Amino acid sequence: MSITIRTGLMALALLGSTALTAVTAQAADQEISWIYCGDKLDDIHAKYIKQWEEKNTGWKIAPEVVGWAQCQDKATTLAAAGTPVAMAYVGSRTLKEFAQNDLIVEVPMTDEEKKAYYPHIVDTVTFDGTQWGVPIAFSTKALYWNKDLFKQAGLDPEKPPKTWDEEIEYAKIIKEKTGIPGFGLSAKTFDNTMHQFMHWVYTNNGTVTDAEGKITLDSPEVLKALEAYKSIVPYSEEGPTAYEQNEVRAIFLDGKVAMIQAGSGAAYRLKDTKIDWGITTLPLGPQAKGPGTLLITDSLAIFKGSGVEDKAIEFAKFITSPGPQEEYELNGESGLTPLRPSPNIDKLVTEKPYWKPLIDGISYGGPEPLFTDYKGFQNSMIAMVQSVVTGQAQPADALKKAAGEIEAFK
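Residues numbered from 1 in each chain as written. Predicted model: local features only at pLDDT ≥ 70, side-chain atom pairs only at ≥ 80, totals over all residues. Heavy atoms only, no water.

The next subject is the overall build of the chain. Helix and strand content of the chain: 17 helices and 11 strands. Along the longest, intermediate and shortest principal axes, the C-alpha atoms of the chain span 105 × 45 × 40 Å. Scored against the burial criterion, the 410 residues of the chain give a buried share of 52%. Taking contacts inside the chain between residues at least 6 apart in sequence as the whole, the part at least 24 apart equals 76%. Accessible area of the chain: about 18700 Å², with a carbon and sulfur share of 53%. Of the charged side chains in the chain, 40 are positive and 54 negative; the average position of the first set lies 3 Å away from that of the second. (Helix = DSSP H or I, 4+ residues; strand = E, 2+ residues; numbered from the N terminus. Buried < 20%, exposed > 50% of the residue type's maximum accessible area, 1.4 Å probe, protein only. Contact = heavy atoms within 4.5 Å. Areas by Shrake-Rupley, 256 points an atom, 1.4 Å probe, with all protein chains shown as cover. Lys, Arg positive; Asp, Glu negative; His and termini not counted. Charge placed at Lys NZ, Arg CZ, Asp CG, Glu CD.)

Let us look at the sheet that holds strand β9 (residues 277-280). Sheets are built from strands that pair by backbone hydrogen bonding, the pairs being arranged parallel or antiparallel. Strand order across the open sheet formed by three strands is β8-β7-β9, with antiparallel pairing between neighbours. Both outer strands of the open sheet, β8 (259-262) and β9, are each paired with one neighbouring strand and no more. Geometrically, the sheet is characterised by an average inter-axis angle of 25° between neighbouring strands, direction not taken into account. Alignment of strand β7 (residues 142-146) against β9, held across four bridges, turns out to be antiparallel. Pairing of Asn-146 across the sheet is with Trp-277, part of β9. (Pairing = 2+ DSSP bridges. Axes fitted to C-alpha atoms, helices over the stretch in contact; angles between N-to-C directions.)

Now for helix α7 (residues 164-178). When the terminal C-alpha atoms of α7 are compared, their 21 Å separation across 15 residues agrees well with the 21 Å that a helix rising 1.5 Å per residue should span. Those residues of α7 not exposed but buried are Trp-164, Glu-167, Ile-168, Tyr-170, Ala-171 and Ile-174. Buried residues of α7, seen end-on, are gathered within an arc of 165° and therefore sit on one face of the element. Away from its buried face by more than 90 degrees, α7 exposes Asp-165, Glu-176 and Lys-177. Where α7 is buried, its residues touch β7, α6 (147-152), α8 (191-202), α9 (220-232) and β8. Positive backbone phi, at 80°, marks Gly-179, one or two positions downstream of α7. (Expected span 1.5 Å × (residues − 1). Arc of directions from axis to C-beta.)

Moving on, we get to the environment of Tyr-170. Within the secondary structure layout, Tyr-170 lies in helix α7. Look at Tyr-170 and you get buried, because its relative accessible area is 14%. Counting along the chain gives 15 residues from Tyr-170 to Leu-155, while the straight-line C-alpha distance between them is 7.8 Å. In this structure Tyr-170 touches Phe-150, Leu-155, Lys-159, Pro-160, Pro-161 and Met-259, once residues within four positions along its chain are discounted.

To continue, consider the pattern of salt bridges. It is possible for side chains of opposite charge to pair when their charged atoms get near one another. By the definition in use, this model includes 13 salt bridges. Its salt-bridge partner being Glu-314, residue Lys-311 comes within 3.3 Å of it at the nearest N-O pair. Of this pair, Lys-311 and Glu-314 both sit in helix α12 (residues 309-319), three residues apart, which is roughly one turn of that helix. Residue Lys-311 is classed as buried on the basis of its relative accessible area, which comes to 18%. Residue Glu-314 is classed as partly exposed on the basis of its relative accessible area of 36%. Lys-356 is paired through a salt bridge with Asp-360; the nearest N and O atoms lie 2.6 Å apart. Here Lys-356 pairs with Asp-360, and both are found in helix α15 (residues 355-360), just four residues apart, close to one helical turn. (Salt bridge = Lys/Arg side-chain N within 4 Å of Asp/Glu carboxyl O.)

Okay, the packing of aromatic side chains next. Using the criterion set out here, one finds 19 aromatic pairs in the structure. Aromatic pair Phe-98 and Phe-303: ring centres 5.4 Å apart, planes at 70°, arrangement edge-to-face. Here Phe-303 lies in the loop between β10 (294-302) and α12 and Phe-98 lies in helix α4 (residues 95-100), a separation of 205 residues in the sequence. Note on Phe-183 and Trp-200: the rings are 6.0 Å apart at their centroids and 85° apart in plane angle, and the pair reads as edge-to-face. Of the two residues, Phe-183 is situated in the loop between α7 and α8 and Trp-200 in helix α8; the sequence distance between them amounts to 17 residues. Here Phe-183 falls in the buried class, since its relative accessible area comes to 1%. (Phe/Tyr/Trp six-rings, centres within 6.5 Å; stacked < 30°, edge-to-face > 60°.)

With that out of the way, let us pick up the domain arrangement of the chain. Segmenting the chain into domains produces domain 1 (29-138 + 294-362) and domain 2 (140-291 + 370-405). Between the C-alpha centres of domain 1 and domain 2 there is a distance of 28 Å. Listed as interface residues are 24 residues of domain 1 and, on the opposing side, 23 residues of domain 2. Together, the buried faces of domain 1 and domain 2 total about 2100 Å²; carbon and sulfur atoms form 62% of this surface. When the buried area of domain 1 at its contact with domain 2 is split by residue, Arg-93, Leu-294 and Tyr-354 rank highest and sum to 35% of it. (Domains from an automatic or database assignment. Buried area = accessible area lost by both parts, 1.4 Å probe.)

This is the structure we're talking about:
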(Lines give C-alpha, C1' and ligand atoms only; values in the text may rest on other atoms or scores of the structure.)
Protein backbone atom coordinates (compact mmCIF):
# COMPACT_ATOMS: atom_id res chain seq x y z
CA MET A 1 0.00 0.00 0.00
CA SER A 2 1.44 3.35 -0.98
CA ILE A 3 2.10 6.15 1.46
CA THR A 4 -0.46 8.26 -0.45
CA ILE A 5 -3.21 5.64 -0.01
CA ARG A 6 -2.31 5.04 3.65
CA THR A 7 -2.42 8.79 4.24
CA GLY A 8 -5.82 8.99 2.55
CA LEU A 9 -7.21 6.15 4.66
CA MET A 10 -5.87 7.78 7.84
CA ALA A 11 -7.56 11.02 6.83
CA LEU A 12 -10.84 9.18 6.24
CA ALA A 13 -10.48 7.45 9.60
CA LEU A 14 -9.87 10.74 11.33
CA LEU A 15 -12.83 12.25 9.49
CA GLY A 16 -14.98 9.30 10.55
CA SER A 17 -13.82 9.69 14.13
CA THR A 18 -14.61 13.39 14.05
CA ALA A 19 -18.01 12.70 12.55
CA LEU A 20 -18.71 10.08 15.23
CA THR A 21 -17.71 12.54 17.92
CA ALA A 22 -20.04 15.11 16.41
CA VAL A 23 -22.90 12.61 16.32
CA THR A 24 -22.21 11.64 19.94
CA ALA A 25 -22.13 15.29 20.96
CA GLN A 26 -25.35 15.91 19.09
CA ALA A 27 -26.96 12.94 20.84
CA ALA A 28 -25.84 14.29 24.21
CA ASP A 29 -27.37 17.64 23.30
CA GLN A 30 -30.70 15.86 22.90
CA GLU A 31 -30.72 14.58 26.46
CA ILE A 32 -33.02 15.97 29.16
CA SER A 33 -31.42 15.33 32.52
CA TRP A 34 -33.83 15.01 35.44
CA ILE A 35 -33.00 14.98 39.13
CA TYR A 36 -35.66 12.61 40.41
CA CYS A 37 -36.30 12.50 44.16
CA GLY A 38 -36.86 9.16 45.86
CA ASP A 39 -35.46 5.67 46.23
CA LYS A 40 -36.26 4.48 42.71
CA LEU A 41 -37.88 5.57 39.47
CA ASP A 42 -41.63 5.03 39.72
CA ASP A 43 -42.87 2.36 37.28
CA ILE A 44 -45.56 4.70 35.95
CA HIS A 45 -43.00 7.40 35.17
CA ALA A 46 -40.71 4.83 33.53
CA LYS A 47 -43.61 3.73 31.33
CA TYR A 48 -44.41 7.26 30.16
CA ILE A 49 -40.75 8.23 29.70
CA LYS A 50 -40.47 5.39 27.21
CA GLN A 51 -43.68 6.47 25.48
CA TRP A 52 -42.47 10.07 25.15
CA GLU A 53 -39.07 9.00 23.82
CA GLU A 54 -40.75 6.84 21.16
CA LYS A 55 -42.69 9.86 19.95
CA ASN A 56 -39.69 12.22 20.12
CA THR A 57 -36.95 10.60 18.06
CA GLY A 58 -33.48 11.76 18.99
CA TRP A 59 -34.43 12.79 22.52
CA LYS A 60 -33.70 10.88 25.70
CA ILE A 61 -34.85 11.46 29.28
CA ALA A 62 -32.02 10.80 31.74
CA PRO A 63 -33.43 10.58 35.29
CA GLU A 64 -30.95 10.52 38.15
CA VAL A 65 -32.57 9.12 41.27
CA VAL A 66 -31.40 11.06 44.33
CA GLY A 67 -32.59 10.56 47.93
CA TRP A 68 -35.19 12.96 49.29
CA ALA A 69 -32.76 14.57 51.71
CA GLN A 70 -30.24 15.48 48.99
CA CYS A 71 -32.13 15.90 45.71
CA GLN A 72 -33.13 19.55 45.97
CA ASP A 73 -29.73 20.60 47.32
CA LYS A 74 -28.03 18.83 44.44
CA ALA A 75 -30.19 20.62 41.85
CA THR A 76 -29.47 23.96 43.53
CA THR A 77 -25.72 23.35 43.74
CA LEU A 78 -25.45 22.38 40.07
CA ALA A 79 -27.46 25.40 38.95
CA ALA A 80 -25.45 27.81 41.10
CA ALA A 81 -22.22 26.34 39.70
CA GLY A 82 -23.35 27.02 36.11
CA THR A 83 -23.81 23.33 35.26
CA PRO A 84 -27.57 22.99 35.67
CA VAL A 85 -29.60 19.87 35.28
CA ALA A 86 -32.40 20.35 32.74
CA MET A 87 -35.21 19.58 35.17
CA ALA A 88 -35.59 18.77 38.84
CA TYR A 89 -38.25 17.73 41.32
CA VAL A 90 -38.46 20.52 43.93
CA GLY A 91 -40.74 21.78 46.66
CA SER A 92 -42.89 24.49 45.08
CA ARG A 93 -42.07 26.71 48.06
CA THR A 94 -38.56 27.20 46.59
CA LEU A 95 -39.64 28.41 43.15
CA LYS A 96 -39.59 32.12 43.98
CA GLU A 97 -36.07 31.87 45.36
CA PHE A 98 -34.90 29.99 42.26
CA ALA A 99 -36.61 32.47 39.93
CA GLN A 100 -35.28 35.58 41.61
CA ASN A 101 -31.77 34.15 41.45
CA ASP A 102 -32.30 33.61 37.69
CA LEU A 103 -31.84 29.84 37.99
CA ILE A 104 -35.09 28.65 36.41
CA VAL A 105 -37.30 29.64 33.47
CA GLU A 106 -41.00 30.40 33.30
CA VAL A 107 -43.42 27.58 32.54
CA PRO A 108 -46.36 29.39 30.94
CA MET A 109 -49.80 27.78 31.31
CA THR A 110 -52.83 28.32 29.14
CA ASP A 111 -56.18 29.16 30.73
CA GLU A 112 -57.34 25.69 29.76
CA GLU A 113 -54.41 24.08 31.57
CA LYS A 114 -55.03 26.15 34.70
CA LYS A 115 -58.75 25.36 34.78
CA ALA A 116 -58.06 21.62 34.69
CA TYR A 117 -56.60 21.71 38.22
CA TYR A 118 -58.48 21.91 41.49
CA PRO A 119 -58.80 25.51 42.78
CA HIS A 120 -55.63 27.21 44.03
CA ILE A 121 -53.23 24.48 42.84
CA VAL A 122 -51.69 26.76 40.22
CA ASP A 123 -51.27 29.42 42.93
CA THR A 124 -48.65 27.20 44.55
CA VAL A 125 -46.31 27.71 41.56
CA THR A 126 -47.25 31.32 40.75
CA PHE A 127 -45.88 34.70 41.74
CA ASP A 128 -46.06 38.03 39.92
CA GLY A 129 -48.68 36.41 37.70
CA THR A 130 -46.22 33.89 36.26
CA GLN A 131 -45.97 30.12 36.64
CA TRP A 132 -42.50 28.82 37.51
CA GLY A 133 -43.05 25.07 37.73
CA VAL A 134 -45.41 22.22 36.88
CA PRO A 135 -47.12 20.55 39.88
CA ILE A 136 -46.35 16.85 40.16
CA ALA A 137 -47.33 15.95 43.74
CA PHE A 138 -49.97 17.34 46.07
CA SER A 139 -51.02 16.85 49.67
CA THR A 140 -53.84 18.06 51.90
CA LYS A 141 -54.89 17.32 55.47
CA ALA A 142 -58.09 16.36 57.27
CA LEU A 143 -59.06 15.62 60.88
CA TYR A 144 -58.88 12.01 62.08
CA TRP A 145 -60.58 11.00 65.31
CA ASN A 146 -60.53 7.87 67.44
CA LYS A 147 -64.16 6.81 67.98
CA ASP A 148 -63.25 4.48 70.85
CA LEU A 149 -61.71 7.34 72.83
CA PHE A 150 -64.75 9.52 72.08
CA LYS A 151 -66.95 6.78 73.56
CA GLN A 152 -64.77 6.44 76.65
CA ALA A 153 -65.05 10.19 77.24
CA GLY A 154 -68.85 10.15 76.85
CA LEU A 155 -68.79 11.91 73.47
CA ASP A 156 -70.83 10.83 70.47
CA PRO A 157 -68.32 8.82 68.39
CA GLU A 158 -70.16 9.67 65.18
CA LYS A 159 -70.02 13.44 65.69
CA PRO A 160 -66.53 14.90 65.19
CA PRO A 161 -65.88 18.58 65.97
CA LYS A 162 -66.92 21.03 63.26
CA THR A 163 -65.42 24.17 64.82
CA TRP A 164 -62.29 25.08 66.73
CA ASP A 165 -64.33 25.66 69.87
CA GLU A 166 -65.74 22.14 69.66
CA GLU A 167 -62.31 20.71 68.89
CA ILE A 168 -60.78 22.33 71.97
CA GLU A 169 -63.78 21.37 74.12
CA TYR A 170 -63.67 17.72 72.97
CA ALA A 171 -59.90 17.55 73.52
CA LYS A 172 -60.39 18.86 77.06
CA ILE A 173 -63.16 16.36 77.86
CA ILE A 174 -61.14 13.43 76.51
CA LYS A 175 -58.02 14.42 78.45
CA GLU A 176 -59.97 14.89 81.69
CA LYS A 177 -62.14 11.76 81.35
CA THR A 178 -59.59 9.29 79.97
CA GLY A 179 -56.17 10.75 80.78
CA ILE A 180 -55.27 10.38 77.10
CA PRO A 181 -54.33 13.50 75.09
CA GLY A 182 -57.27 14.84 73.12
CA PHE A 183 -55.22 16.33 70.29
CA GLY A 184 -51.82 15.66 68.69
CA LEU A 185 -49.95 18.96 68.42
CA SER A 186 -46.83 19.47 66.27
CA ALA A 187 -44.31 22.03 67.54
CA LYS A 188 -40.91 20.47 66.86
CA THR A 189 -38.14 22.42 65.11
CA PHE A 190 -39.17 20.84 61.83
CA ASP A 191 -40.72 22.17 58.61
CA ASN A 192 -44.13 20.58 59.14
CA THR A 193 -44.65 22.48 62.39
CA MET A 194 -45.22 25.52 60.20
CA HIS A 195 -47.40 23.43 57.88
CA GLN A 196 -49.54 22.18 60.75
CA PHE A 197 -50.13 25.73 61.95
CA MET A 198 -50.95 26.90 58.42
CA HIS A 199 -53.90 24.49 58.39
CA TRP A 200 -55.37 26.59 61.21
CA VAL A 201 -54.65 29.78 59.28
CA TYR A 202 -56.49 28.48 56.21
CA THR A 203 -59.45 27.24 58.24
CA ASN A 204 -60.05 30.81 59.44
CA ASN A 205 -59.76 32.68 56.12
CA GLY A 206 -56.27 33.90 57.06
CA THR A 207 -53.26 34.59 54.87
CA VAL A 208 -49.53 35.24 55.23
CA THR A 209 -49.19 37.46 52.15
CA ASP A 210 -51.69 39.02 49.76
CA ALA A 211 -51.73 38.86 45.95
CA GLU A 212 -49.21 41.71 45.73
CA GLY A 213 -46.81 40.06 48.18
CA LYS A 214 -47.63 42.34 51.13
CA ILE A 215 -47.21 40.65 54.52
CA THR A 216 -50.65 40.01 56.07
CA LEU A 217 -49.59 37.66 58.86
CA ASP A 218 -50.37 40.11 61.67
CA SER A 219 -54.13 39.98 61.16
CA PRO A 220 -57.19 39.16 63.32
CA GLU A 221 -57.70 35.89 61.41
CA VAL A 222 -54.17 34.60 62.03
CA LEU A 223 -54.19 35.86 65.64
CA LYS A 224 -57.31 33.77 66.29
CA ALA A 225 -55.50 30.75 64.84
CA LEU A 226 -52.49 31.24 67.10
CA GLU A 227 -54.73 31.75 70.13
CA ALA A 228 -56.57 28.52 69.33
CA TYR A 229 -53.25 26.69 68.97
CA LYS A 230 -52.31 27.95 72.45
CA SER A 231 -55.70 26.97 73.88
CA ILE A 232 -55.40 23.33 72.85
CA VAL A 233 -51.87 22.86 74.29
CA PRO A 234 -53.06 21.70 77.77
CA TYR A 235 -55.10 18.90 76.19
CA SER A 236 -52.39 17.70 73.79
CA GLU A 237 -49.51 15.26 74.27
CA GLU A 238 -46.90 16.30 76.80
CA GLY A 239 -44.01 18.29 75.35
CA PRO A 240 -45.30 19.03 71.82
CA THR A 241 -41.98 20.68 70.87
CA ALA A 242 -40.57 17.14 70.71
CA TYR A 243 -43.00 16.02 68.02
CA GLU A 244 -43.41 16.53 64.27
CA GLN A 245 -46.49 15.39 62.37
CA ASN A 246 -45.36 11.83 61.54
CA GLU A 247 -44.42 11.25 65.17
CA VAL A 248 -47.84 12.55 66.24
CA ARG A 249 -49.42 10.21 63.68
CA ALA A 250 -47.53 7.28 65.23
CA ILE A 251 -49.04 8.10 68.63
CA PHE A 252 -52.51 8.17 67.06
CA LEU A 253 -51.91 4.79 65.41
CA ASP A 254 -51.07 3.41 68.87
CA GLY A 255 -54.41 4.70 70.20
CA LYS A 256 -52.67 7.19 72.49
CA VAL A 257 -54.18 10.44 71.18
CA ALA A 258 -57.75 11.15 70.14
CA MET A 259 -57.50 13.61 67.21
CA ILE A 260 -54.84 14.58 64.67
CA GLN A 261 -54.45 16.55 61.45
CA ALA A 262 -53.07 14.17 58.82
CA GLY A 263 -53.06 13.25 55.15
CA SER A 264 -54.19 10.11 53.37
CA GLY A 265 -51.17 8.17 54.63
CA ALA A 266 -52.86 7.84 58.01
CA ALA A 267 -55.85 6.12 56.40
CA TYR A 268 -53.60 3.55 54.72
CA ARG A 269 -51.85 2.81 58.01
CA LEU A 270 -55.06 2.64 60.04
CA LYS A 271 -56.12 -0.39 57.99
CA ASP A 272 -53.51 -2.38 59.90
CA THR A 273 -54.83 -1.37 63.33
CA LYS A 274 -57.92 -2.25 65.37
CA ILE A 275 -58.82 1.41 65.90
CA ASP A 276 -62.38 2.48 65.12
CA TRP A 277 -61.69 5.80 63.41
CA GLY A 278 -63.29 8.53 61.37
CA ILE A 279 -62.13 11.32 59.10
CA THR A 280 -63.67 14.71 58.38
CA THR A 281 -62.69 18.15 57.07
CA LEU A 282 -60.59 20.27 59.42
CA PRO A 283 -62.64 22.15 62.04
CA LEU A 284 -63.34 25.79 61.22
CA GLY A 285 -62.41 29.03 62.92
CA PRO A 286 -64.87 31.89 63.49
CA GLN A 287 -63.92 33.75 60.26
CA ALA A 288 -63.95 30.69 58.00
CA LYS A 289 -65.89 30.77 54.76
CA GLY A 290 -65.69 27.03 54.18
CA PRO A 291 -63.48 23.95 54.68
CA GLY A 292 -59.80 24.72 54.19
CA THR A 293 -56.34 23.21 54.35
CA LEU A 294 -52.78 24.11 53.46
CA LEU A 295 -52.15 23.11 49.85
CA ILE A 296 -48.64 21.72 49.48
CA THR A 297 -47.25 20.83 46.08
CA ASP A 298 -43.96 19.62 44.68
CA SER A 299 -43.16 20.67 41.14
CA LEU A 300 -40.91 20.11 38.17
CA ALA A 301 -38.66 23.15 37.78
CA ILE A 302 -36.93 23.82 34.46
CA PHE A 303 -33.41 25.14 35.02
CA LYS A 304 -31.91 27.90 32.95
CA GLY A 305 -28.82 27.25 30.84
CA SER A 306 -29.25 23.58 30.00
CA GLY A 307 -29.86 24.40 26.35
CA VAL A 308 -32.95 22.19 26.23
CA GLU A 309 -35.36 24.36 28.21
CA ASP A 310 -38.24 24.33 25.70
CA LYS A 311 -38.13 20.57 25.22
CA ALA A 312 -37.86 20.04 28.99
CA ILE A 313 -41.02 22.13 29.48
CA GLU A 314 -42.75 20.02 26.83
CA PHE A 315 -41.79 16.81 28.64
CA ALA A 316 -42.67 18.18 32.08
CA LYS A 317 -46.16 19.03 30.87
CA PHE A 318 -46.51 15.60 29.27
CA ILE A 319 -45.44 13.58 32.34
CA THR A 320 -47.83 15.62 34.54
CA SER A 321 -50.72 15.71 32.04
CA PRO A 322 -54.07 14.28 33.21
CA GLY A 323 -53.52 10.71 31.95
CA PRO A 324 -50.01 9.98 33.28
CA GLN A 325 -50.48 12.08 36.41
CA GLU A 326 -53.71 10.41 37.45
CA GLU A 327 -52.21 6.97 36.91
CA TYR A 328 -49.23 8.01 39.06
CA GLU A 329 -51.48 9.35 41.84
CA LEU A 330 -53.71 6.28 41.91
CA ASN A 331 -50.86 3.77 41.71
CA GLY A 332 -50.28 1.89 44.95
CA GLU A 333 -50.33 3.77 48.22
CA SER A 334 -48.53 6.99 47.31
CA GLY A 335 -50.83 9.05 49.49
CA LEU A 336 -50.96 11.86 46.94
CA THR A 337 -54.08 14.01 46.79
CA PRO A 338 -55.24 14.23 43.15
CA LEU A 339 -54.28 17.45 41.35
CA ARG A 340 -57.31 17.46 39.08
CA PRO A 341 -60.97 16.38 39.25
CA SER A 342 -62.13 13.60 36.90
CA PRO A 343 -64.59 10.70 36.68
CA ASN A 344 -61.85 8.39 37.96
CA ILE A 345 -61.38 10.58 41.02
CA ASP A 346 -65.15 10.53 41.60
CA LYS A 347 -64.94 6.74 41.48
CA LEU A 348 -62.04 6.81 43.95
CA VAL A 349 -64.08 8.83 46.45
CA THR A 350 -66.99 6.40 46.09
CA GLU A 351 -64.78 3.37 46.65
CA LYS A 352 -62.66 4.97 49.39
CA PRO A 353 -64.82 7.61 51.14
CA TYR A 354 -61.95 8.81 53.32
CA TRP A 355 -60.72 10.75 50.27
CA LYS A 356 -63.72 13.09 50.32
CA PRO A 357 -62.66 15.37 53.22
CA LEU A 358 -59.11 15.48 51.87
CA ILE A 359 -60.50 16.86 48.60
CA ASP A 360 -63.29 18.99 50.09
CA GLY A 361 -60.76 21.10 51.98
CA ILE A 362 -59.22 22.34 48.73
CA SER A 363 -61.99 24.83 47.94
CA TYR A 364 -61.03 27.31 50.66
CA GLY A 365 -57.45 26.16 51.08
CA GLY A 366 -54.34 28.19 50.42
CA PRO A 367 -50.81 27.64 49.09
CA GLU A 368 -47.50 27.64 50.86
CA PRO A 369 -46.47 31.30 50.71
CA LEU A 370 -43.58 31.95 48.30
CA PHE A 371 -40.60 33.76 49.80
CA THR A 372 -37.19 34.64 48.40
CA ASP A 373 -35.66 33.19 51.58
CA TYR A 374 -38.05 30.37 52.34
CA LYS A 375 -35.90 28.85 55.10
CA GLY A 376 -35.79 32.20 56.89
CA PHE A 377 -39.57 32.52 56.66
CA GLN A 378 -40.09 28.96 57.84
CA ASN A 379 -37.77 29.36 60.80
CA SER A 380 -39.55 32.53 61.94
CA MET A 381 -42.92 30.77 61.76
CA ILE A 382 -41.64 27.77 63.74
CA ALA A 383 -40.13 30.04 66.39
CA MET A 384 -43.44 31.91 66.64
CA VAL A 385 -45.42 28.71 67.19
CA GLN A 386 -42.92 27.34 69.70
CA SER A 387 -42.82 30.55 71.73
CA VAL A 388 -46.60 30.41 72.14
CA VAL A 389 -46.80 26.66 72.78
CA THR A 390 -44.16 26.87 75.52
CA GLY A 391 -45.69 29.98 77.10
CA GLN A 392 -42.66 32.16 76.42
CA ALA A 393 -44.76 34.68 74.46
CA GLN A 394 -48.36 35.73 74.12
CA PRO A 395 -49.94 35.13 70.70
CA ALA A 396 -50.31 38.83 69.78
CA ASP A 397 -46.68 39.60 70.63
CA ALA A 398 -45.33 36.50 68.89
CA LEU A 399 -47.38 37.26 65.78
CA LYS A 400 -46.21 40.85 65.56
CA LYS A 401 -42.58 39.77 65.98
CA ALA A 402 -42.83 37.11 63.26
CA ALA A 403 -44.59 39.49 60.86
CA GLY A 404 -41.72 41.95 61.23
CA GLU A 405 -39.09 39.25 60.71
CA ILE A 406 -40.57 37.73 57.56
CA GLU A 407 -40.77 41.13 55.87
CA ALA A 408 -37.04 40.67 55.18
CA PHE A 409 -37.57 37.28 53.54
CA LYS A 410 -40.30 38.09 51.00
